Amino acid sequence: MKIGISTAVLVPNLENWDRMNKFIEFGFTHIELYNKITRIRLIDALPLADIKDKKAINFSFHSLVQDLFCGDEMISQGELSFLKAEIRLASLIGCENLIFHISKKVELSETEWKQLVDLADTAAKNKVNLCLENNFSTGAFSTEYLAEVVNKIENLYCCLDIGHLNVAIGKGLINNPMEFIEGIKNKIIQLHISFNDGKSDEHLNPTVDEQRSYFEKVISRFDVDSLLLVIETKNIDQAILTNQFLKKYV
């Protein structure tokens, strides 16, 4: 099991590259570049690839796209093209995985299925694993429908956000969470790790036994040797505590 950290994790007075370098100082060897927070341009790809080689740092990439397959055709097409550009950036950097969301509230149309297959194939050709992340707001991609989509598309994988899953369970959007995980675990190649009360996506470190027990139930479903866990707490203090907690399972 590998433990990483997202650039969404706040560090006081540090942004972008300075924040990433601080994570390296803390001993993290996998960093997820959240493009909404750490905006990546083509000019950044070569320096990041150089860091990857010289400092033995692995990267994954979290898309900033939020309106893929939305109701406005122009915006939807723009998001589709932007995600393809992010796939290319991730490839140039040498990222293993690219994480994205589909916020559409209903199931995909036939055209959208084809577009998603094309995205997954494009990522595979660029040697990037395209990973669909589960949501927690009311809609198709917070339910078992996500598993149906991921299982049907050969080159599409999954990033399971355990915080999102916990809220989805609390809202009754996932009826049998362990069965859901079991049915999709062969496609899950990384987890996003943060904790909450089951009502809102708080992005906390584990603070109560109930949260620790929930994590143990989830992690018991996996062969942890090949799994990547990316910490997504609000701030670095919470991330350090979460990292200490996770190391017990390495």
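A brief report on the enclosed structure follows.

Calculation rules
- Residues numbered from 1 in each chain as written.
- Predicted model: local features only at pLDDT ≥ 70, side-chain atom pairs only at ≥ 80, totals over all residues.
- Heavy atoms only, no water.
- Disulfide = S-S within 2.5 Å.
- Buried < 20%, exposed > 50% of the residue type's maximum accessible area, 1.4 Å probe, protein only.
- Helix = DSSP H or I, 4+ residues; strand = E, 2+ residues; numbered from the N terminus.
- Contact = heavy atoms within 4.5 Å.
- Core = buried A, V, L, I, M, F, W, Y, C linked by side-chain atoms within 4.5 Å.
- Salt bridge = Lys/Arg side-chain N within 4 Å of Asp/Glu carboxyl O.
- Axes fitted to C-alpha atoms, helices over the stretch in contact; angles between N-to-C directions.
- Parallel < 35°, antiparallel > 145°, perpendicular 65-115°, else oblique.
- Nonpolar A, V, L, I, M, F, W, Y, C, P; charged D, E, K, R; others polar.
- Polar contact = N/O pair within 3.5 Å; in protein donor to acceptor, adjacent residues only side chain to side chain.
- Pairing = 2+ DSSP bridges.

### Overview of the state of the cysteines
Right, on to step 1. Within the structure shown, the criterion is met by zero disulfides.
Right, on to step 2. Free of any disulfide, Cys95 has its nearest cysteine sulfur in Cys131, 11 Å distant.
Right, on to step 3. No disulfide involves Cys159; its sulfur sits 6.6 Å from the nearest other cysteine sulfur, which is in Cys131.
Right, on to step 4. Exposure remark for Cys159: the relative accessible area of 0% places this residue in the buried category.

### Focus: the side chain of Glu112
Right, on to step 1. Along the chain, Glu112 turns up in helix 4 (residues 110-125).
Right, on to step 2. Sequence-distant contacts of Glu112, that is, excluding residues within four places in its chain, are made with Phe69, Lys104 and Glu107.

### Considering the nonpolar core
Right, on to step 1. In terms of nonpolar packing, the biggest core is built from 76 residues, with Phe59, Phe100, Leu116, Val149, Leu156 and Leu191 touching the most fellow members.
Right, on to step 2. Considering every element that reaches this core, the biggest residue donor is helix 3 (residues 73-93), with six residues.
Right, on to step 3. Setting aside residues no more than four positions away along its own chain, Phe59 makes contact with Met20, His30, Ile31, Leu33, Leu48, Ile51, Lys52, Ile93, Gly94, Cys95 and Glu96.

### Some words on the pattern of salt bridges
Right, on to step 1. For the coordinates displayed, the defined rule picks out 11 salt bridges.
Right, on to step 2. Residue Lys104 is joined to Glu112 by a salt bridge in which the shortest nitrogen-to-oxygen separation is 2.4 Å. Each member of the pair, Lys104 together with Glu112, is buried.
Right, on to step 3. A salt bridge links Asp209 to Arg212, with the nearest nitrogen and oxygen atoms 3.1 Å apart. You can see Asp209 and its partner Arg212 sitting in helix 8 (residues 209-219), three residues apart, about one turn around the helix.
Right, on to step 4. Each of Glu182, Lys185 and Arg221 takes part in salt bridges that share partners, so that together they form one network.

### Quick look at the environment of Ile193
Right, on to step 1. Its location among the elements puts Ile193 in strand 7 (residues 188-193).
Right, on to step 2. The sequence separation of Ile193 and Ser137 amounts to 56 residues, and the corresponding C-alpha distance is 18 Å.

### Some points on the packing of helix 5 (residues 145-152) against helix 7 (residues 177-184)
Right, on to step 1. Running from N to C, helix 5 and helix 7 cross one another at 10°; their axes reach a closest spacing of 10 Å. If you check the angle between helix 5 and helix 7, you find them roughly parallel. On the side of helix 5, the interface is formed by Leu146, Ala147, Val150 and Asn151, while helix 7 contributes Phe180, Gly183 and Ile184.
Right, on to step 2. Of the residues contributing to the contact of helix 5 with helix 7, the split by class is five nonpolar, two polar and no charged.

### Quick look at helix 9 (residues 236-246)
Right, on to step 1. Looking only at helix 9, the buried set comprises Ile236, Gln238, Ala239, Thr242, Asn243, Phe245 and Leu246.
Right, on to step 2. Capping of helix 9 at its N-terminal end is provided by Asn235; its side-chain oxygen lies 3.2 Å from the backbone amide nitrogen of Asp237.

### Looking at the side chain of His203
Right, on to step 1. Tracing the chain through its elements places His203 in the loop between strand 7 and helix 8.
Right, on to step 2. Relative accessible area serves as the criterion here: at 18%, His203 is assigned to the buried category.
Right, on to step 3. Here Asp201 takes part through its side chain, which lies 2.8 Å from a polar atom of the side chain of His203.
Right, on to step 4. The contact partners of His203, leaving out residues within four places of it in the chain, are Ser194, Phe195, Glu232, Thr233, Lys234 and Gln238.

### Focus on the sheet that holds strand 4 (residues 97-100)
Right, on to step 1. Strand order in the closed barrel made by the eight strands is 1-2-3-4-5-6-7-8, with parallel pairing throughout. Across this sheet, the average inter-strand angle for adjacent strands is 30°, counted without regard to direction.
Right, on to step 2. As paired strands, strand 3 (residues 58-62) and strand 4 are joined by two bridges and run parallel to one another. By the bridge assignment for strand 4, Phe61 is matched with Leu98.
Right, on to step 3. Contacting strand 1 (2-6), strand 2 (30-34) and strand 3, helix 1 (residues 16-25) runs over the sheet at an angle of about 160° to strand 2.
Right, on to step 4. Of the strands in this sheet, strand 5 (129-133), strand 6 (156-161) and strand 7 are in contact with helix 6 (residues 162-170), which crosses strand 6 at around 75°.

### A word on unusual backbone geometry
For residues that are not glycine, phi is negative in most cases, and the peptide bond is trans in most cases.
Right, on to step 1. The phi dihedral of Lys127 is positive, around 60°, even though this residue is not glycine.
Right, on to step 2. Assignment of secondary structure puts Lys127 in the loop between helix 4 and strand 5.
Right, on to step 3. Take Lys127: its relative accessible area is 74%, and that puts it in the exposed class.
Right, on to step 4. Positive phi values are uncommon outside glycine, yet His203 reaches one of about 60°.

Function cannot be read off these values alone, since they describe shape.
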